[in-house]
Structure formats: structure tokens, C-alpha cells
Amino acid sequence: MNTSALIMYLVANITVTAITIYFFFKVLNTPPKSHQVDDDGYPDAHGPKTFDAT
Amino acid sequence: MSTNTESWGSRVGLVLAMAGNAVGLGNFLRFPVQAIQNGGGSFIIPYLTCFLLMGLPLLFVEWSMGRFGGKYGHHSTPFILDSMTKQNFWKYIGVFGLFTNLAVAAYYCYLESWTVAYIYHSLVGTFSTLNQDGVADFFSNYTTLNTTTTGIPYEAVIFWVLCLILNTYILSRGLSGGIEKVAKIGMPLLILFGIILAIRAVTLKTGSQGAIANGTDGLNYLWTPDFKSIWTPSVWLAAAGQIFFTLSVGMGSIHCYASYLRAKDDVALNAMSAGWMNEFVEVVLGGAVVIPITVGYFGIDGMIELVNRAGGLGLGFRTLPYLFQQWGPVLSVLAGVFWFGLLFFAGITSSLAMGTPIVGFLQDEFNWRRQPAAWAFGFMVLLLGLPTVIFFNQGVFDEYDYWVGTVSLVIFALFEIILFAWVFGIDKGWKEINDGADIKVPIIFKYIIKYITPLLIGFVFIGSLPGIWAQITGEYPWQVHASRALLLGIWIAIALVVNYAYRKRLKEGRFTS
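Residues numbered from 1 in each chain as written. Chains lettered and ligands numbered in written order. Predicted model: local features only at pLDDT ≥ 70, side-chain atom pairs only at ≥ 80, totals over all residues. Heavy atoms only, no water.

## Details of the overall build of chain B
When helices and strands are tallied, chain B shows 21 helices and zero strands. Compactness check: chain B gives a C-alpha radius of gyration of 22 Å against a globular reference of 24 Å for 513 residues, within 12% of the reference. Considered along the principal axes of its C-alpha atoms, chain B spans approximately 70 × 50 × 50 Å. Buried residues in chain B amount to 64% of all 513 residues. Sequence separation of at least 24 residues holds for 83% of the intrachain contacts in chain B that already meet a minimum separation of 6. Carbon together with sulfur atoms contributes 67% to the accessible area of chain B, which is approximately 17,200 Å² in total. (Helix = DSSP H or I, 4+ residues; strand = E, 2+ residues; numbered from the N terminus. Rg over C-alpha atoms; globule rule 2.2 N^0.38 Å. Buried < 20%, exposed > 50% of the residue type's maximum accessible area, 1.4 Å probe, protein only. Contact = heavy atoms within 4.5 Å. Areas by Shrake-Rupley, 256 points an atom, 1.4 Å probe, with all protein chains shown as cover.)

## Considerations on the environment of isoleucine 196 of chain B
Its location among the elements puts isoleucine 196 of chain B in helix α10 (residues 175-202). Distance in space between the C-alpha atoms of isoleucine 196 of chain B and glycine 94 of chain B is 41 Å, their sequence separation being 102 residues.

## Examining the packing of aromatic side chains
All names here are of chain B. The tally for this structure, following the rule as stated, stands at 47 aromatic pairs over all chains. The interplanar angle of 90° and the centroid separation of 5.1 Å between the aromatic rings of tyrosine 118 and phenylalanine 317 together place this pair among those described as edge-to-face. With tyrosine 118 in helix α7 (residues 95-124) and phenylalanine 317 in helix α15 (residues 290-324), the pair connects residues that are 199 residues apart, well separated along the chain. Accessibility assignment for this pair places tyrosine 118 and phenylalanine 317 in one class, buried. Here the aromatic rings of phenylalanine 344 and phenylalanine 345 are separated by 5.6 Å at their centres, their planes lie at 55°, and the arrangement is tilted. The residue whose ring lies beneath arginine 200 is tryptophan 327, and the NZ or CZ to ring-centre distance is 4.5 Å. Across from the ring centre of phenylalanine 79, 4.9 Å away, lies the NZ or CZ of arginine 505, which sits over that ring. (Phe/Tyr/Trp six-rings, centres within 6.5 Å; stacked < 30°, edge-to-face > 60°. Lys NZ or Arg CZ within 6 Å of the ring centre and 35° of its normal.)

## Notes on helix α1 (residues 11-22) of chain B
Residues and elements named next belong to chain B. Compared with the 16 Å implied by 1.5 Å per residue over twelve residues, the 17 Å span of α1 between its first and last C-alpha is a close match. With respect to burial, α1 is a largely interior element, ten of its twelve residues being buried. Taken residue by residue, α1 has Gly13, Leu14, Val15, Leu16, Ala17, Met18, Ala19, Gly20, Asn21 and Ala22 as its buried positions. Put simply, serine 10 is the residue that caps the front of α1, since its side-chain oxygen is 3.1 Å from the backbone nitrogen of glycine 13. (Expected span 1.5 Å × (residues − 1). Polar contact = N/O pair within 3.5 Å; in protein donor to acceptor, adjacent residues only side chain to side chain.)

## Remarks on the confidence of the model for chain B
Residue and element names in this part refer to chain B. Per-residue confidence for chain B gives a mean pLDDT of 93; residues scoring 70 or more make up 99%. Put simply, helix α12 (residues 233-246) is where chain B has its lowest mean pLDDT, 87, and helix α19 (residues 426-434) is where it has its highest, 97. Model confidence for the complex is summarised by a pTM of 0.92, with the ipTM given as 0.91. (pLDDT = per-residue confidence, 0-100.)

## Quick notes on unusual backbone geometry
Residue and element names in this part refer to chain B. One non-glycine residue, tyrosine 154, adopts positive backbone phi at about 50°. Within the secondary structure, tyrosine 154 sits in the loop between α8 (132-144) and α9 (155-172). Tyrosine 154 gets classed as partly exposed once you look at its relative accessible area, which sits at 48%. A positive phi is found at serine 248, a non-glycine position, where the angle reads about 60°. Relative to the elements of secondary structure, serine 248 occurs in the loop between α12 and α13 (253-258). Residue serine 248 is classed as buried on the basis of its relative accessible area of 7%.

This is how it looks when you write it as C-alpha cells:
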């Protein structure tokens, strides 16, 4: 490979691989949140909001 | 009351399913061809710039919109969009999110079924008895239906129906019991197969196993930068288009997957991780398989001629099965299984994502259980996909791909970014993105989402207009015109169903937000 191709190849591949691994490891290592309190005023995530139409 | 009470089993499963949704056959077949045709190594500069300015912002937006709609029990775009504004017409913009998934699934499942058939034929050694023209003819015969290389009548239809049944069955098993399991198995295998093939491709040596060039000559050609091309608008248009289609944005499937998150679940880190995983598969693996192997056996000129004549799809299905045969009886079978296996996993993780919004809509609006909703989706895909199978050689498949898999995505994405940034409001939108976020999203994305991303999508749309005009005014057989009418009819039919569901909601006192 010529020098400019090699530089483009290595920079692009190493950058993309490093960022992918970084974020995926962050996903794996972030502790799960507690979902006991949904205090944002929204209804429960599972099931539609139901109102009295009157 | 909706019967839809599903949720994701694990965060890793969700990220892999989202990445699988984005990773498709285009990562391996479209990206390298686009790079070659648009400046080689320097294509990565506009490509990654568009990823940062358009791809990632759209991922943040779609994940946030999906989770927002999910808080109100919506799992498909018509009512997710409706819940974000008081203006009534947005639900009809959301129709695109059902229409696109249904119509893309209709032809995509056929494409996916080719990979199953090619795995089978790699295993039984069909290609080992054929020369280069024979392998190319195999594909033509396969898609012509009434001709066959192997003696199996209508085998394309058989594999297609099998593939549809498999998709429908997995969908009927639900999010954690079906889709997530497939993603957890499929994505690691896809990456493993890709790494093995990439290593084999770049280690090809001149004179070894019939190769006339080194595999690295292909990489050299692909990555040699032509920096002058960076100043060419058409290169930016190609880069923006590639980013658009590789991430599966503008479809409605990301909204649907994200709608099963809980109110305080992260969207920022998940979107980043899934998006970058797609980039890894596309740039690192997708760029290292097809082109190096083809250059190894045909040289640079031969590869360019093949790309111009048959495109990425032609390289993948007409050429590579023949080239694998040069590697000996065992390696050729393994290479065939790995290549079409990775394309299969890329395909099925995407087609499952296309089914989920339809199933979710039927569950939310008509109280269908998951299983009948999934089988209804399978039946709809069967009916809508039939024209692409029967009239493949008349251009119906390409017509679906153009209008649904290309134009429709851009239109929907343009509307949704306007809704999110300007109607819903960027301040509320920014809060949605950062609610429960496990990473700090740089504030600059707030301004990118508000100003840059809509302009870029507008640029893609305007840049596509000459092509759209040429498509409309071109001469085509009646089957193509009929397929256009069919697609338009499907869009209108879905809009009517959404209207009916909305009136039903009002009657039952179930508002959308």
C-alpha cells in the first residue's frame, strides 16, 4: 500500500474501532438504573395512557 | 387496553438489536462501491463528517422520540409523532414509519432469502461444479423463477417463503424471547465471520490459489485518497446518502425499538454505541472483504468493470461464490457459509426490526396479541412481496427499493427532524435526549440538531430531485408502473387505518398524549 492509502486506512480503522469498543464497554460496565420511581409525570411505560374522554 | 406489555430483556440485547437493525447487506455491498466511486480513501472524510452531523443527531432524535412515545404506550410512529404535538396531521406523517417498514420488508425478505439459498448451495457444493459464467448465470436463473441451474423448481420462491416463516416465527416470540436472542447470536457471529473473511482477503498473495494480485492492492485502491474529490458536491451527496441508508434512520424501526425503553432509561449512550457498531461493521469489515478479494482475482481494471456492470450486489452474489472456489474444497465451503451467513445475519436483524412497528401498531390500536399480529405481518409481506419476486427481472424489486428504501426515508427524516427541533422544540427535545443519559452529550449537538441536520437532510433531498424526476419520466414496463400504484395504494390504505384507529381512540376516550 502506498503511504497516503496506509495512513487513511489506519487512521480511519483505528479511530472507528477504538470508539466502537469504548462505547460498547461503557454500555457493558454502566450499572443498571433503579426503576422504582418514575417521577417525571409520565404514565407507566408499559400500557397506554387512558383518560376519561368526558 | 393494549396487549402490548413487552420490554427488552437486557441493555446489551437492545444495543445489539439496534446495531443489527442498522447493519444490513449495504454495509458490505454498498459502502465499498460508494467509496471507490467517490474519491477512494478521502471518501471517509465527508462520510464520517456526515455521520457526526446527520447520522448521530438523527439517532439521538429517533431514540428520544421512541422513548417519549413509549411513555404513552405508543410503539409505532403515527401515534409517537402525534403525542409530540397538538397538530393533527403529524400522525399521517407517521404513516411513513409503518409504510416504509412494511414495503421494505416486502423486498428485503426476498433479498435475505437469497443468502439462505446461497448458504445451502455453498454447503452442497453447487458452485464447485460451475465456472465464472456458470455462477453468474446461477443468479440469473435463480431470480427468473421458471429456469433453474440445480433442478429445484421455483427454488427462489421456496427459500423466500421459508425465510418469511422464519422471520414471522421469531417476531411472534416477542422482543426478549425472539428478536433479542437472534441479535445476541447473530451480531457476534456476523462480526466473527467478517473478521475471518477480512483477514483472508487482505492476506491474498499474487500467484497463490490463482490470485493475480495481492488483496492489499484492493485496499490500496480503496483507501488511496483523492483529496480534490472532497470539494465535489456529488461526493458529499453520496456520503450523506450512504450514512442515511446505513443507519436505518427515517424508517420508524428505531422509534419502535426505543419505545420499549422505560421513562428514565438512557438513550444517548445506547444510540452512540449502536451507531458506532454499525460504522465498525461498515468501515472496518465492509471495506476489507469484497474489494480486496475481487481485486485479487480480477485486478484493479477487472474489479472496476465488474462494479460498474453489476454493482455491489453483483459482486456479492455473481462473483464471490466463484472466487471462493479457488480456495480449495474445504475453504470454499467455509468461505461461502461465512460470507452468506454474515449477509443473512445482517439481513434478518434488519427485517425483524421492520416487522416490530407493524406488530406494535396492531397490538396498540386493535388489541391484537403478539402472535396473530406477527403472522398478519408475515401475510402482508407475502402479498406485497410477491410482485418483487415474480417481476424481479422487470425492475419491480428496484422500484420498491428506490421509492421506499430511498425516497421515503429522506422525506420522513426531514419531517421528523423539523418536528423534533422546531415543533416539539429543541429545548424539550434536548431534555429528552439527556434524560437518564449515561454520557454527557456535547451541547454542540443541540445546535447541530436544530440547524445543521435539517439543512443536510434538505440537501440530500434536493440533491435527489433530479434522480426522482428521471425515475418518474423514465420508460418502464407496465409492471413497474403497477408497482408504483400499488405502493401509493398501500400508503393511502395505512393512512386510512391510522385515521380509523385515531377515531377509535377518541371514541374509547384514549387520547394519544
